[in-house]
Amino acid sequence: MTAAFRPITHLRHVGIGVPDYGKALEFYKNLWGLQPVADDSGVTFFATPADPEQYILRVRQDQDKRLDLIAFGVNSPEEVDELARRLAVGGITLDREPGKLDTPGGGYGVRFFDPDGRLVEVSAGVAQKPFRELEERESVPKKLSHVVINSTDVAATKAFYETYLGFRLSDWLGDLMCFMRSGTQHHILAISRAPRASLNHISFEMRGLDEYMRGSGRLMRAGHRPLWGPGRHGPGDNTFTYFLDPNENVVEYTTELETIEDDEAWEPRVFDSTSPQSQDQWGTGGSMTETMLPVLLKQTDGGLWTPSPI
């Protein structure tokens, strides 16, 4: 039996375009706790001292708010080439043929569009930067945890990431959202049903529970009221506090995300999307409907939609 093609090792970075570039830079540097490591003509690359990735967030000046791309890592250039071959066989449009990358850290990668028209990059051989362990009470992001995207057809988008990138299903929240993994982390990608394709949120992992609460408190003391949280989700068992950045992107502090050690034995679960326990096990996060719903409806042009911002 031929081994399944499961090349993705981790989530590298997310790129966003923002109309208020200056406020975005100030927010992510001075409040969110990221470090600007490079900039070039209206593009700034943000890293964390605890991650060997060159950068985990790319912010670009644009007239409109948009998700530019999602980048994943693989182990070798050969896997990049094999992915490109499989995409070509499947009739998937490539934005960039496999080749050298000119972003910080270099490497070898390919870019293509998923079924929603979302730009995805997969790369190997990106140079790592020096990194260190975060200290106790150091309330800055440890790494990029996961990204959640909105789709008009969750099943089709899920099938694409399973077929071509080898993602596996971890859990469902009703029929509204699926959580997908590439390794032991419960999810690095989740797909939520919405009236149009868009970014749901970007999640950043903190060192531990204390640092997660300290980071959440720092934002609150600076006048950023949480959209939802602090709390603990059902699917993934992770903590959550959601905030809006100055360009109304939803960003999350999280920690203690569930791990799946026995990949083959795992049976995906279906969580009740109407259950308060599924949304927030602790019952401390407040009402998701009153806070997250108006924001997410605005980001997806309204419409009849039951959101699942996890």
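Remember, it's a predicted structure, so these values are computed and weren't measured experimentally.

## Some remarks on helix α4 (residues 209–221)
Here is step 1 of the chain: Here α4 spans 18 Å end to end across 13 residues, near enough to the 18 Å set by a 1.5 Å rise per residue.
Here is step 2 of the chain: Within α4, the full set of buried residues consists of E211, Y212, G215, S216, G217 and L219.
Here is step 3 of the chain: On the buried face of α4, the contacting elements are α1 (21–31), β14 (228–232), β15 (239–244) and β16 (250–254).

## Thoughts on the packing of aromatic side chains
Here is step 1 of the chain: Applying the stated criterion across every chain yields a total of 16 aromatic pairs.
Here is step 2 of the chain: Summarising the aromatic geometry, the rings of F240 and Y242 are spaced 5.7 Å apart at their centres and angled 40 degrees between planes, so their arrangement reads as tilted. Each member of the pair F240 and Y242 is classed as buried.
Here is step 3 of the chain: An aromatic cluster is defined as three or more aromatic residues linked by ring pairs; in this entry it consists of F27, Y28, W32, F46, F204, F243 and Y253.

## Section: a nonpolar patch on the surface
Here is step 1 of the chain: Taken together, the side chains of L209, M213 and W282 present a nonpolar region at the surface, about 270 Å² in accessible area.
Here is step 2 of the chain: Counting through the fold element by element, L209 comes out in helix α4.

## Some words on the nonpolar core
Here is step 1 of the chain: Core analysis: the biggest nonpolar cluster contains 56 residues, and I16, Y28, W32, F72, V122, Y161 and L165 have the highest contact counts within it.
Here is step 2 of the chain: Apart from the residues within four sequence positions on either side, Y28 is in contact with I16, G33, L34, F46, L57, V59, D245 and V251.
Here is step 3 of the chain: Within the second largest apolar cluster, six residues are counted, among which are M177, F179, A190 and F271.

## Quick look at the pattern of salt bridges
Here is step 1 of the chain: This structure, assessed with the given rule, holds 23 salt bridges.
Here is step 2 of the chain: Where R193 meets D175, a salt bridge forms, and the shortest distance between an N and an O atom there is 3.9 Å. In this pair, R193 is assigned in strand β12 (residues 189–193) and D175 in the loop between β10 (168–173) and β11 (177–181), connecting sequence segments 18 residues apart.
Here is step 3 of the chain: Owing to a relative accessible area of 31%, R193 belongs among the partly exposed residues under this scheme.
Here is step 4 of the chain: Here D175 falls in the exposed class, since its relative accessible area comes to 55%.
Here is step 5 of the chain: Note that E211 is salt-bridged to R207, the shortest N-O span being 3.1 Å.
Here is step 6 of the chain: A relative accessible area of 3% means that E211 is categorised as buried.
Here is step 7 of the chain: Taking relative accessible area as the criterion, R207 reaches 35% and is therefore assigned partly exposed.

Thresholds applied
Residues numbered from 1 in each chain as written. Predicted model: local features only at pLDDT ≥ 70, side-chain atom pairs only at ≥ 80, totals over all residues. Heavy atoms only, no water. Helix = DSSP H or I, 4+ residues; strand = E, 2+ residues; numbered from the N terminus. Expected span 1.5 Å × (residues − 1). Buried < 20%, exposed > 50% of the residue type's maximum accessible area, 1.4 Å probe, protein only. Contact = heavy atoms within 4.5 Å. Phe/Tyr/Trp six-rings, centres within 6.5 Å; stacked < 30°, edge-to-face > 60°. Patch = residues over 30% accessible without salt bridge, like charges linked within 9 Å, V, L, I, M, F, W, Y side chains within 5 Å. Areas by Shrake-Rupley, 256 points an atom, 1.4 Å probe, with all protein chains shown as cover. Salt bridge = Lys/Arg side-chain N within 4 Å of Asp/Glu carboxyl O. Core = buried A, V, L, I, M, F, W, Y, C linked by side-chain atoms within 4.5 Å.

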